[in-house]
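Reading the structure
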Amino acid sequence: MGQLISLEIDGNKVQVPAGTLVVDAARKAGVDIPVFCYHPKMEPVGMCRMCLVEIGRPQMNRDTGELERNEDGSYVIQFGPKLETGCTEVVSEGMVVRGMTDEVSRARKDIIEFLLTSHPLDCPVCDKGGECSLQNLTMEFGSGDGRFLYDEKKHFSKHVPLGELIYLDRERCIQCGRCVRFQDEIVDDAVIGFEGRGRSLKIVTYSEPGFDSYYSGNTTDICPVGALTTSDFRFGARPWEMKAVASVCTHCPVGCNLTLNVRRENKSGGDFVVKRVLPRQNEAVNEIWICDKGRFAHHYASSEDRLTQPLVRVDGELTPASWDEALELVAKRFKEAGSDLLTLASGRISNEDLFNLRSLSDHLGGSTALYSEMAGGDLVAQVGVGQGSNFSNLGPETTIFVVASNLEEEAPLYWLRVKQAAERGAKLIVANPRHTKTERLASHVLRYPYGGEAALVLALTNSLSTKRIDLPNEFREIERSREIQAAAKDFAEADNAIILFGNEGTGLQTSRHLAQACANLLIITGHTGKANNGLIAVWQRANTQGAWDMGFRPAADLIETVRSKQALYIAAADPAGDDPNFVEAIKTTGFIVVQELFLTETAKLADVVLPAQAFIEREGTLTNGERRVQRFYTAVPERLQTRPDYSITAQISQLVGLELEDKHPFRVMEQIAAQIPDYSDVSYEKVSAVVEQWPIIGRSDLYYGGTTYENSQGLGYQLQPAAQKGQPVSLEAVQLEEFDSGGEAGLVAVPVTVLYDRGQMVIPADLLHQRIPEPYVVVHPESIAHLGLIDGAHVRLDISGIEVDVVAHLDETIPQDVLLVPRSMGIPIHGPTPVEIAVVEQAVT
Amino acid sequence: MSAVVGLARGLMTTLRSMFGKPITVQYPEQKLPVTRRFKGRHFLDRYENGLEKCIGCALCAAACPANAIFVEASENTDEERFSPGERYASTYEINMLRCIFCGYCEDACPTEAIVLGDNYELSFTDRKSAIYTKEMLIVPVPENGKPTPQEIEPGTFTRSIPVMQDPED
Ligand code: SF4
Ligand code: SF4
Ligand code: SF4
Ligand code: SF4
Ligand code: FES
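Residues numbered from 1 in each chain as written. Chains lettered and ligands numbered in written order. Predicted model: local features only at pLDDT ≥ 70, side-chain atom pairs only at ≥ 80, totals over all residues. Heavy atoms only, no water.

Topic: the overall build of chain B
When you go through chain B residue by residue, the secondary structure sums to 4 helices and 5 strands. Across chain B, helices and strands are ordered from the amino to the carboxyl terminus as α-β-α-β-β-α-β-β-α. Over its C-alpha trace chain B gives a radius of gyration of 23 Å, far above what one expects of a compact globule, namely 15 Å for 169 residues. The dimensions of chain B, computed from C-alpha atoms along their principal axes, are 85 × 35 × 30 Å. Across chain B, the fraction of contacts at a sequence separation of at least 24, relative to all contacts at a separation of at least 6, is 77%. For chain B, the exposed surface amounts to about 10900 Å²; the carbon and sulfur share of it is 55%. Looking at charge distribution, chain B has the averaged site of its 18 positive side-chain charges lying 12 Å from that of its 24 negative ones. (Helix = DSSP H or I, 4+ residues; strand = E, 2+ residues; numbered from the N terminus. Rg over C-alpha atoms; globule rule 2.2 N^0.38 Å. Contact = heavy atoms within 4.5 Å. Areas by Shrake-Rupley, 256 points an atom, 1.4 Å probe, with all protein chains shown as cover. Lys, Arg positive; Asp, Glu negative; His and termini not counted. Charge placed at Lys NZ, Arg CZ, Asp CG, Glu CD.)

Observations regarding the overall build of chain A
Looking only at helices and strands, one finds 23 helices and 35 strands in chain A. Rg of the C-alpha trace for chain A: 29 Å, near the compact-globule value of 28 Å for 845 residues, within the 12% margin. Seen along its three principal axes, the alpha-carbon backbone of chain A occupies a region of about 90 × 70 × 65 Å. The 845 residues of chain A split such that 62% are buried. Long-range contacts, defined here as pairs at least 24 residues apart, represent 73% of the contacts in chain A between residues at least 6 apart. When the accessible surface of chain A is summed, it comes to about 31400 Å², and 47% of that surface belongs to carbon and sulfur atoms. (Buried < 20%, exposed > 50% of the residue type's maximum accessible area, 1.4 Å probe, protein only.)

Comments concerning the sheet that holds strand 34 (residues 818-822) of chain A
Strand-to-strand pairing in sheets goes through backbone hydrogen bonds, with the strands running parallel or antiparallel. Residue and element names in this part refer to chain A. Pairing in this closed barrel of 6 strands is mixed, and the strands run 30-34-31-33-32-35 around the ring. Between one strand axis and the next, the sheet turns by 45 degrees as a mean value, whatever way the strands run. Sheet topology note: the strand 31 (residues 776-779)/strand 33 (residues 802-810) ladder contains 4 bridges and is parallel. Its bridge partner lying in strand 33, Val-777 is registered against Ala-808. (Pairing = 2+ DSSP bridges. Axes fitted to C-alpha atoms, helices over the stretch in contact; angles between N-to-C directions.)

Digging into the sheet that holds strand 18 (residues 367-370) of chain A
Residue and element names in this part refer to chain A. On the basis of which strands lie adjacent, the open sheet formed by 7 strands has the order 16-15-26-25-24-17-18 and mixed pairing. Every other strand in the sheet has two partners, leaving strand 16 (317-320) and strand 18 as the edge strands with one partner each. Strand-to-strand twist in this sheet, taken as the mean axis angle between neighbours without regard to direction, amounts to 20 degrees. Two strands pair when backbone bridges link them, and strand 15 (residues 311-314) and strand 16 are joined in this way by 4 bridges, in the antiparallel orientation. Bridging from a neighbouring strand, Arg-313 pairs with Leu-318 of strand 16.

Comments concerning the domain arrangement of chain A
One can read the domain layout of chain A as domain 1 (4-115), domain 2 (153-302), domain 3 (311-372 + 546-683), domain 4 (377-538) and domain 5 (743-841). The straight-line distance from the C-alpha centre of domain 1 of chain A to that of domain 4 of chain A is 44 Å. (Domains from an automatic or database assignment.)

Brief notes about a nonpolar patch on the surface
Residues and elements named next belong to chain B. Together, Leu-7, Leu-11, Met-12, Leu-15, Met-18 and Phe-19 make up an exposed nonpolar region whose accessible area comes to about 680 Å². Of note, Phe-19 is situated in helix 1 (residues 2-19). Taking relative accessible area as the criterion, Phe-19 reaches 66% and is therefore assigned exposed. (Patch = residues over 30% accessible without salt bridge, like charges linked within 9 Å, V, L, I, M, F, W, Y side chains within 5 Å. Salt bridge = Lys/Arg side-chain N within 4 Å of Asp/Glu carboxyl O.)

Comments concerning the site of ligand 2
The full set of residues close to ligand 2 is Cys-249, His-251, Cys-252, Val-254, Gly-255, Cys-256, Ile-290, Cys-291, Gly-294, Pro-412 and Leu-413 of chain A. Its residues assigned to classes, the shell around ligand 2 shows 8 nonpolar, 3 polar and no charged. (Near = heavy atom within 4 Å. Nonpolar A, V, L, I, M, F, W, Y, C, P; charged D, E, K, R; others polar.)

Observations regarding the site of ligand 4
Every residue close to ligand 4 is listed here: Cys-54, Ile-55, Gly-56, Cys-57, Ala-58, Cys-60, Tyr-92, Cys-109, Pro-110, Thr-111, Ala-113 and Ile-114 of chain B. Taken together, the residues of the shell around ligand 4 sort by class into 10 nonpolar, 2 polar and no charged.

Regarding the nonpolar core
All names here are of chain A. Phe-36, Phe-391, Ile-400, Tyr-414, Leu-500, Ile-616 and Leu-768 are the most contacted members of the largest nonpolar core, which has 99 residues in total. Among residues more than four places away in sequence, those in contact with Leu-500 are Phe-391, Ile-400, Phe-401, Val-402, Val-403, Leu-407, Tyr-414, Val-418, Ile-536 and Val-538. Judged by nonpolar contacts, the second largest core, of 87 residues, contains Val-380, Trp-548, Ile-652 and Val-734. (Core = buried A, V, L, I, M, F, W, Y, C linked by side-chain atoms within 4.5 Å.)

Digging into the environment of Leu-658 of chain A
Residue and element names in this part refer to chain A. Mapped onto the elements of the fold, Leu-658 is located in the loop between helix 21 (645-655) and helix 22 (665-675). In this structure, the C-alpha to C-alpha distance between Leu-658 and Ser-231, residues 427 residues apart in sequence, is 49 Å. Beyond its immediate stretch of four places on either side in the chain, Leu-658 contacts Ser-359, Leu-360, His-363 and Ser-653.

A closer look at helix 4 (residues 178-186) of chain A
Residues and elements named next belong to chain A. Counting buried residues along helix 4, 7 of its 9 residues qualify, which places the element largely inside the surrounding structure. Considering only its buried residues, helix 4 is in contact with strand 9 (192-195), strand 10 (202-205), helix 5 (217-222), strand 11 (228-230) and helix 11 (412-423). Following helix 4 by one or two positions, Asp-188 has its phi on the positive side, about 55 degrees.

What to know about the pairing of strand 2 (residues 12-17) of chain A
Residues and elements named next belong to chain A. The sheet contact formed by strand 1 (residues 4-9) and strand 2 spans 6 bridges and is antiparallel. Across the sheet, Glu-8 pairs through a bridge with Lys-13, a residue of strand 2. Connecting the antiparallel pair strand 1 and strand 2 is a turn made up of 2 residues, with Asp-10 showing a positive phi of about 45 degrees.

Description of the side chain of Arg-172 of chain A
Relative to the helices and strands, Arg-172 of chain A resides in the loop between strand 8 (166-168) and helix 4. Polar contacts involving the side chain of Arg-172 of chain A include one to the side chain of Asp-122 of chain A, which spans 3.0 Å. Within polar-contact distance, the side chain of Arg-172 of chain A engages the side chain of Ser-160 of chain B at 3.4 Å. Sequence-distant contacts of Arg-172 of chain A, that is, excluding residues within four places in its chain, are made with His-119, Pro-120, Asp-122, Cys-126, Lys-158, Val-225, Gly-226 and Ala-227 of chain A together with Glu-86 and Ser-160 of chain B. (Polar contact = N/O pair within 3.5 Å; in protein donor to acceptor, adjacent residues only side chain to side chain.)

Some words on the packing of aromatic side chains
Where two aromatic rings form a pair, the distance of their centres and the angle of their planes describe that pair. A full pass over the atoms with the stated rule returns 13 aromatic pairs over all chains. A ring pair is formed by Tyr-300 of chain A and Phe-615 of chain A, whose centres lie 6.3 Å apart and whose planes are at 20 degrees; its orientation type is stacked. Pair noted here: Tyr-300 of chain A is in the loop between helix 6 (292-296) and strand 15 and Phe-615 of chain A is in the loop between strand 26 (608-611) and strand 27 (620-623), with a separation of 315 residues, a long-range link. A residue is classified by how much of its surface remains accessible, and Tyr-300 of chain A, at 3% relative accessible area, is buried. Plain terms: the ring middles of Phe-38 of chain B and Tyr-120 of chain B are 5.8 Å apart, the flat faces sit at 75 degrees to each other, and that makes the pair edge-to-face. Placement of Phe-38 of chain B in the loop between helix 1 and strand 1 (42-44) and of Tyr-120 of chain B in the loop between strand 4 (114-116) and strand 5 (131-132) is noted, with a sequence separation of 82 residues between them. With relative accessibility at 27%, the residue Phe-38 of chain B sits in the partly exposed group. Positioned above the aromatic ring of Phe-233 of chain A, the side-chain terminus of Arg-276 of chain A is 4.5 Å from the ring centre. The ring of Tyr-47 of chain B has Lys-53 of chain B sitting right over it, with the charged end atom 5.5 Å from the ring centre. (Phe/Tyr/Trp six-rings, centres within 6.5 Å; stacked < 30°, edge-to-face > 60°. Lys NZ or Arg CZ within 6 Å of the ring centre and 35° of its normal.)

Description of the interface of chain A and chain B
Contact with chain A, which involves 23 residues of that partner, is made by 22 residues of chain B. When the buried area of chain A at its contact with chain B is split by residue, Pro-124, Val-125 and Phe-235 of chain A rank highest and sum to 31% of it. Here Glu-171 of chain A ties to Arg-159 of chain B by a salt bridge, and the two come within 2.4 Å at their closest N and O atoms. Applying the counting criterion to the chain A and chain B interface returns 12 residue pairs in polar contact (both at pLDDT 80 or more). Tallied by class, residues from the side of chain A that touches chain B come to 7 nonpolar, 3 polar and 13 charged. (Buried area = accessible area lost by both parts, 1.4 Å probe.)

Looking at the packing of helix 12 (residues 453-462) of chain A against helix 14 (residues 482-493) of chain A
All names here are of chain A. Packing of helix 12 against helix 14 brings their axes to within 8 Å, and their N-to-C directions diverge by 70 degrees. The angle between helix 12 and helix 14 falls in the class roughly perpendicular. Handedness of the crossing formed by helix 12 with helix 14: right-handed. Side by side, helix 12 and helix 14 meet where Leu-456, Ala-459 and Leu-460 of the first sit next to Ile-484, Ala-487 and Ala-488 of the second. Here the contact of helix 12 with helix 14 is built from residues that sort into 6 nonpolar, no polar and no charged. (Parallel < 35°, antiparallel > 145°, perpendicular 65-115°, else oblique. Left-handed = near helix turned anticlockwise from the far one by under 90°.)

Side note on the environment of Thr-91 of chain B
Along the chain, Thr-91 of chain B turns up in strand 3 (residues 87-95). Residue classification places Thr-91 of chain B among the buried residues on the basis of a relative accessible area of 7%. Sequence separation of Thr-91 of chain B and Ile-161 of chain B is 70 residues, and the distance between their C-alpha atoms is 18 Å. Not counting residues up to four positions away in its chain, the partners in contact with Thr-91 of chain B are Asn-266 of chain A together with Phe-70, Val-71 and Glu-72 of chain B. Of note is the side chain of Thr-91 of chain B, whose polar atom sits 2.8 Å from the side chain of Asn-266 of chain A.

Structural notes on the side chain of Asp-490 of chain A
Residue and element names in this part refer to chain A. Along the chain, the position of Asp-490 falls in helix 14. Reaching out from Asp-490, the side chain makes a polar contact with the side chain of His-444 at a distance of 2.6 Å. Each residue touching Asp-490, except ones within four places of it in the same chain, is listed here: Thr-399, Lys-427 and His-444.

Quick look at unusual backbone geometry
Cis peptide bonds are those with omega within 30 degrees of zero, and the linkage from Glu-208 of chain A to Pro-209 of chain A qualifies with 0 degrees. Counting through the fold element by element, Pro-209 of chain A comes out in the loop between strand 10 and helix 5. The step from Thr-148 of chain B to Pro-149 of chain B runs through a cis peptide bond, and the omega angle for that step is -5 degrees. Along the chain, the position of Pro-149 of chain B falls in the segment after helix 4 (134-137). A positive phi angle, near 60 degrees, is found at Gln-175 of chain A, a position not held by glycine. Topologically, Gln-175 of chain A is positioned in the loop between strand 8 and helix 4. A positive phi angle, near 45 degrees, is found at Ser-800 of chain A, a position not held by glycine.

Right under this line is the structure:
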């Protein structure tokens, strides 16, 4: 923080850092200066004039250059002849700001009257009504009477879909430009803009599909009026009618803080339902933003298809059963299986759930496996980013290295945070086999062939160290790139360095090598054990890190691990649905228990299906990619007979003679703290603690930050990695193996991640359907030239012994000889796999 | 002396009411008219064409001090139009056991849709029947109107809220 400036605002003496804007200084002093166009997260533009105030500055003696003083020693203040916009003026020493004078009130009244000349009287039906800053300001400063004739108001279309997610009401727009600036400045998706001038100015979308941005929902939050609203919440309820419940997004490892707005609904038979999802401020995680997946995909949790009753297989059919019956059967068979029990779980469920699963398994002497295609959670626990890390604080002294990740698709808010750090001056190294949006602000763009991610990191390390580790022949080329040296230098010389590794093109094996190579690079360059330094894994699930911390590890060959077990306990994973090759292996198991939200392909194979609760129905904690333990709260009552995962496991345990907590997740956390050293200082109290954050975004403020909720329920608690606790971390050699070469056509299928996939947590959200593609693959036209394919053709893939029909998209910007296969699209793929491709039907042109 | 006067005065009153016209009303056979501003059971009004006045804004529910009203809104389409605006009340309920007949809902309503009427004969045998649903509250379709939902020529209603006059009284 730089030099402090003292000034006086409406009689309050305040001290703020140099460079602060007058409106922000006032906010800190607790004085409201109303704003419309200004938003604390964006550059001021001074468009709306709502923030007009009188500003006086100390008078300077022209001869001496000294500030003139009155007899009592105070400065002689000279006020300007006109009102000034507080959002564009920077504070200066001795400044006096007056916002309560008659002249200012008159100006505010005039501006409001002007904005209302053609504003419709929609408040009673407007979705923003009740949390609208135009309403608030009109109540505060408006004249209460209109001098303009209603009949002379300009009328525009009321319902312009900018896309299927966001609607524009042209009459309500006050032309503050917040939405356009958000898309341009903050998320760099310039898909909407102004068209026309004056009263006829309107917001238009340039993209196809309309408003094609993963962050579009945020514009409805910051729009100070009801001009932009979501189709999801259209006429859903009035804002004051809903209960606000704190939660955490369960879709990706960022762990954005959310607020769920809940209300009883007649349409749903009088049940409590989540009417909308809004961001909750956490400046260290998601600031005040969330992505559209977090905002709109929540419908899976209230889907009609949810399991609501335990099912037990009787005479070959899954039949409804009571909990007692089901649990007793499970307990009996688990006990018999003993050490031949395998517990398979994914990072979709909470730490409490995973801990209980692990405890039960340990008690019976069984084994556990993590359903994940990424490795490195153990390394993150050692050299992960240190406690106190916060992307918001990163600037020129930092280098961020993003490797093997299409960051925006894998974790949209990480992308945003990295992008903003780069804008503040952080150096950004992006290594990926193909172009990604992350590259736009990169200082170094490094390319490597798919499969060469670990080799690339190794090459970076090699260029810094004398002890070179030889790369396999096929990746030698990488080392010769001059960019490598420059990037390595920037990485090594930075005060702070962070590596984010993702899952672009990697499978479990390659991910393991990559994670190790990244950890080594951090250790060699000394970027471990400190805040803002270390490793972040961009996991595929929200709590994969938590699962590692609770002791779950992915199995090298899961199909073989599953095969011929006496009992199998699968929680929150659908291996059979992801890859039909699992079906046969699972069937060889003696007894299968599936704990799920839906009747998945795996659940259909089960002997007992236990209905779990979704995150909206229960409490728990998730550990995000930066190892911040965050708490979500119960928003709606449980659905029929569902139970939370940790309870189900605890109840099974009780029947096999192990006492586990089945009622209060905080008690489970106490046990976690007692048994898992990394969590020894975690408690619900700690994760629920809050401190004041900047900007202050009270929802009813005249200084309007948007409809984001302030955070009073917990900012989470970031764990210390081993390196920060002073424990030794050691380099491990990275084993590089040859890359699988392709099938006959020489094609290798590599998995990539897309945000809107066809997974069970996305598909139930009907309103996203236009954005969720049909199963498809992407291939370079040259690689399949012999097939003479045109874009959009239907092809048949022969992959891992399974045939699937998909659409083929041609893309010249991706490397040749690979076939990009999006995950969770119904195409079985766990890592680079040889593939054969045949045409089924050419697309119609 | 003054005691006698007092006694006589009292007796006068007695005598007057003995021979005066009785004011007892034989309810329920006989009913008194209510005053102009009487606040009895609510009804939901319609326009002459049969469209519902209520736009589902829930301001009545917000104004209600007894928390007696529950409104859930849905969107009108030209194929299925209930009200002239963009939205209508798909659910509208008043719990008459909670209602204190203050009339705040009527005051709050931007379209004069909810009106407190003359009916004071509200008695229930169970709690559930005290909840008046939209079907019970809405007035019958006027003679020249059509029942809702109506199919309407697209472009007839383009406003979020029907244009309202300044309320006079
Ligand atoms: S749509 Fe909203 S945010 Fe965008 S310019 Fe209009 S009022 Fe401002
Ligand atoms: S960025 Fe990730 S955590 Fe945040 S809202 Fe989107 S999916 Fe959820
Ligand atoms: S009359 Fe008063 S108490 Fe009754 S529903 Fe209306 S606002 Fe509520
Ligand atoms: S009765 Fe009036 S105030 Fe109540 S929801 Fe309908 S329009 Fe709104
Ligand atoms: S001009 Fe200052 S807030 Fe718009």
